[in-house]
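This is what each chain is made of:
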Amino acid sequence: MAPTLLSPDCSTSATTARHLIPLTRKLLCPTTRLVSFERSLSSPWTPSLCLSPSVSKYRTAVSAADSSSMTTTATTANIIDGKLISKQIKDEVSAEVVRLKEATGVVPGLAVILVGSRKDSQTYVRNKKKACEAVGIKSYEANLPEDCTEAEVLRHIEEFNKDPEVHGILVQLPLPRHMNEERILTGVSIQKDVDGFHPLNIGRLAMQGRDPLFVPCTPKGCIELLHRYNIDIKEKRAVVIGRSNIVGMPAALLLQKANATVSMVHSYTKFPEEITRQADIVISAAGVANLVRGDWLKPGAVVIDVGINPVDDADNPRGYRLVGDVNFEEASKVASYITPVPGGVGPMTIAMLLSNTLLSAQRIHNFK
């Protein structure tokens, strides 16, 4: 899912951090109430970016009085442009793919396993395939029926594990209910686990002095955005809202590795707004529309909004529009930097997936 304080590929044990690939960083920009969390979140619903498009079970109740009490001053926050950063990273990956091919004849390959016919999952896979083609990475697919067995999925995974032209393997989530997600993900070789979900990769991310071979793409993208905008993490107070295995938990671990002091807000947290208000950096991955209000934020906080939530909108041809976990209108009057939704974290996930696939090919072929 980064430079300066944390090696974004997290593939070496070196004590000094390195960038995603040797890149030139560009600084792009100058400067209610939650009544209850009802359930623990397994993963946020994020149609354009997410690795698991399940709908959040959090619920909030915000009164009109709380909303109207917010100030109406002009927006002051700088916008963190995920589209622009994603394009920069894709250009950098493309250049490195060319360099690898010219020096070794190797072309990085990414295999995606899709089980079932969910429209959203098919869209994600299609987008990943297009992104691979755009940067020169080969894409491979295994499309399996909804009622296939775990053994069939594991057999395809093993075939890709053994294929020397495949350097990364991604199992599209969610899987059908009759499958054991942990068993399936554990079947992916840790050397090709470009999603970063293998238990050994997550375990190494959690341990002091250890680095995973791959970092989960969405959290990695969040940290990359902070670094690309020269936002310091070291010695800052950070709050992560949501504790999913896909975003919240690894994001907290990455912030901790970057020497932030980290708190997590989740479904059993009392007075979450009071904890969030102490943060210099807020990463929200709860999957609740407009959960984080302006009065939840410390003035000058940096806000990374991972959530993408559908809300009814009669004026939109689709009948709905997408909003984040953070009430953008309110938060942008308090924060110093903020990601929009869409166009913030979303584009970064696929960019990080491409980066991880390139990294895997470079590592497997010992190419510096």
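Refer to the structure presented above.
Values in this document were obtained by computation on a predicted structure and should not be read as measured data.

Analysis parameters
- Residues numbered from 1 in each chain as written.
- Predicted model: local features only at pLDDT ≥ 70, side-chain atom pairs only at ≥ 80, totals over all residues.
- Heavy atoms only, no water.
- Axes fitted to C-alpha atoms, helices over the stretch in contact; angles between N-to-C directions.
- Helix = DSSP H or I, 4+ residues; strand = E, 2+ residues; numbered from the N terminus.
- Parallel < 35°, antiparallel > 145°, perpendicular 65-115°, else oblique.
- Left-handed = near helix turned anticlockwise from the far one by under 90°.
- Contact = heavy atoms within 4.5 Å.
- Nonpolar A, V, L, I, M, F, W, Y, C, P; charged D, E, K, R; others polar.
- Salt bridge = Lys/Arg side-chain N within 4 Å of Asp/Glu carboxyl O.
- Buried < 20%, exposed > 50% of the residue type's maximum accessible area, 1.4 Å probe, protein only.
- Pairing = 2+ DSSP bridges.
- Right-handed = clockwise from strand over helix to strand, strands pointing away.
- Arc of directions from axis to C-beta.
- Phe/Tyr/Trp six-rings, centres within 6.5 Å; stacked < 30°, edge-to-face > 60°.
- Lys NZ or Arg CZ within 6 Å of the ring centre and 35° of its normal.

### Here's the deal with the packing of helix 7 (residues 217–228) against helix 8 (residues 248–257)
For any two helices packed against each other, one specifies the inter-axial angle together with the distance between the axes. Direction vectors running N to C along helix 7 and helix 8 enclose 40 degrees, while the axes themselves pass 8 Å from each other. Relative to helix 8, helix 7 is oriented oblique. Regarding helix 7 and helix 8, the two cross each other, and that crossing is right-handed. For the pair helix 7 and helix 8, the contacting residues are Pro 219, Lys 220, Ile 223 and Leu 226 in the first and Pro 250, Ala 251, Leu 254 and Leu 255 in the second. Of the residues belonging to the contact of helix 7 with helix 8, the class tally is seven nonpolar, no polar and one charged.

### Topic: the pattern of salt bridges
Tallying each qualifying case throughout the model produces 13 salt bridges. Between Arg 118 and Asp 120 there is a salt bridge, with its nearest N and O atoms 2.6 Å apart. Arg 118 sits in the partly exposed class, given a relative accessible area of 34%. Through salt bridges with shared partners, a single network forms among Glu 92, Glu 224 and Arg 228.

### Re the pairing of strand 5 (residues 237–241)
In terms of burial, strand 5 is a largely internal element, four of the five residues being buried. Relative to strand 6 (residues 261–265), strand 5 is paired through five bridges, and the arrangement is parallel. The residue bridging Ala 238 from the neighbouring strand is Val 262, located in strand 6. You can see the chain leave strand 5, run along helix 8 and come back into strand 6, and the turn it takes is right-handed. Summarising the sheet, strand 5 and strand 7 (residues 281–284) pair through four bridges and their orientation is parallel. Residue pairing for strand 7: Ala 238 is matched across the bridge by Ile 281.

### Overview of helix 6 (residues 199–206)
All of the buried residues along helix 6 are Asn 201, Ile 202 and Leu 205. Seen from one end, helix 6 has its buried residues packed into an arc of 95 degrees, which puts them on one side. Buried positions along helix 6 lie against helix 8.

### Structural notes on unusual backbone geometry
Residue Pro 174 follows Leu 173 across a cis peptide bond; omega there is 0 degrees. Within the secondary structure, Pro 174 sits in the loop between strand 4 (168–171) and helix 5 (181–186). Val 341 connects to Pro 342 through a cis peptide bond whose omega is -5 degrees. Unusually for a residue other than glycine, Asn 259 sits at a positive phi of about 70 degrees. Of note, Asn 259 is situated in the loop between helix 8 and strand 6. You can call Asn 259 partly exposed: its relative accessible area is 44%. The phi angle at Phe 271 is positive, at roughly 50 degrees, despite the residue not being glycine.

### Regarding the packing of aromatic side chains
Taken as a whole, this structure holds one aromatic pair when the rule is applied. Ring geometry for Tyr 229 versus Tyr 337: centroids 6.1 Å apart, planes at 70 degrees, classification edge-to-face. In this pair, Tyr 229 sits in the loop between helix 7 and strand 5 while Tyr 337 sits in strand 11 (residues 337–338), placing the two residues 108 residues apart along the sequence. Given the relative accessible area of 1%, Tyr 229 is considered buried. The side chain of Arg 363 reaches across the aromatic face of Phe 214, ending 5.0 Å from its centre.

### What to know about the sheet that holds strand 2 (residues 109–115)
Spatial ordering of the open sheet is given by 3-2-4, a layout of three strands whose pairing is parallel. The sheet terminates laterally at strand 3 (138–144) and strand 4, the two strands that pair on one side only. Taken over all neighbouring pairs, the strand axes of this sheet differ in orientation by 15 degrees on average, direction set aside. Across the sheet, helix 3 (residues 119–135) is in contact with strand 2, strand 3 and strand 4; its angle to strand 2 comes to roughly 170 degrees. Contacting strand 2, strand 3 and strand 4, helix 4 (residues 150–162) crosses the sheet at an angle of about 165 degrees to strand 3.

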